[in-house]
Amino acid sequence: MSDHEAPTTEAPTSETPGDQAAGNDAPERVDQARQIAELEDAWRRTAAELDNFRKQCARDVVRGREQERAAVATSWLPVLDNLERALEHASSDPDSVVEGVRAVLAQAVGVLADLGYPRRDDAGRAFDPAVHEAVGTVSGEGLTPGTVAHVVRPGYGPDDKLLRPAAVVVATRAS
């Protein structure tokens, strides 16, 4: 060895064998970080899609309600037209007005039936608090107790989707 050459001893490093193994994991950690970032991005995109879908469904519900309301209102227009015609002829022939109002009533009952709420014919049927509203009682000959003796205000709709219960007078036993 010459005077000018430095000794060739290796300087000790602060790395331990475990640290050297961890250094080999650096590409794996980068790959895991990339996968995590991709999953987070996919999660955010999915959350945004879900939010957009929720908003679209809400808009569809509003649009559907508006369309249904317009369809129902349209079905009532002929009834209004006929009422106006009846009023136009009210002064000329009162009998024809009564006949016209009856025809409009039948038309209105038909509109409700077409919408799924037919007029109920409850006279003589057994009283049922689920579909009848008792507004009074009556007793008399020929009346069966517990049945509808008189319909004060008709009900509309089938038993399973009643629009309005019938207001009825119920027959009771003679005292």
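Computed from a predicted structure; not experimentally measured.

**Student:** Lay out the pattern of salt bridges in plain terms, naming residues and giving numbers.
**Tutor:** A full pass over the atoms with the stated rule returns 9 salt bridges. Its salt-bridge partner being Asp60, residue Arg63 comes within 2.8 Å of it at the nearest N-O pair. Note that Arg63 and Asp60 are positioned in helix 2 (residues 26-88) at a spacing of 3 residues, about one turn of the helix. By relative accessible area, which is 40% here, Arg63 ends up partly exposed. Its relative accessible area of 36% is what places Asp60 among the partly exposed residues. Within this structure, Arg120, Asp122, Arg125 and Asp159 form a network of salt bridges that share partners.

**Student:** Hey, could you go over the confidence of the model for the chain for me, with residue numbers and the actual values?
**Tutor:** When pLDDT is low, close inspection of the predicted coordinates is not appropriate. Chain-level pLDDT for the chain is 86 on average; 86% of the residues reach the 70-or-more range. No element of the chain has a lower mean pLDDT than helix 1 (residues 17-24), which averages 54, and none a higher one than strand 3 (residues 166-172), which averages 96.

**Student:** Could you give an account of helix 3 (residues 94-114), with specific residues and numbers?
**Tutor:** Counted at 1.5 Å a residue, the expected span for helix 3 with its 21 residues is 30 Å, and the 30 Å between its end C-alpha atoms agrees. Where helix 3 is concerned, the buried positions are Val97, Val104, Ala108, Val111 and Leu112. The buried residues of helix 3 occupy an angular sector of 90 degrees when the element is viewed end-on, so they sit on one face. Residues of helix 3 that are exposed and angled more than 90 degrees away from the buried face: Asp95, Glu99, Arg102, Ala106 and Asp114. Close packing links the buried residues of helix 3 with helix 2. The positive-phi residue at the C-terminal boundary of helix 3 is Gly116, with phi of around 100 degrees.

Rules behind the numbers
Residues numbered from 1 in each chain as written. Predicted model: local features only at pLDDT ≥ 70, side-chain atom pairs only at ≥ 80, totals over all residues. Heavy atoms only, no water. Salt bridge = Lys/Arg side-chain N within 4 Å of Asp/Glu carboxyl O. Helix = DSSP H or I, 4+ residues; strand = E, 2+ residues; numbered from the N terminus. Buried < 20%, exposed > 50% of the residue type's maximum accessible area, 1.4 Å probe, protein only. pLDDT = per-residue confidence, 0-100. Expected span 1.5 Å × (residues − 1). Arc of directions from axis to C-beta. Contact = heavy atoms within 4.5 Å.

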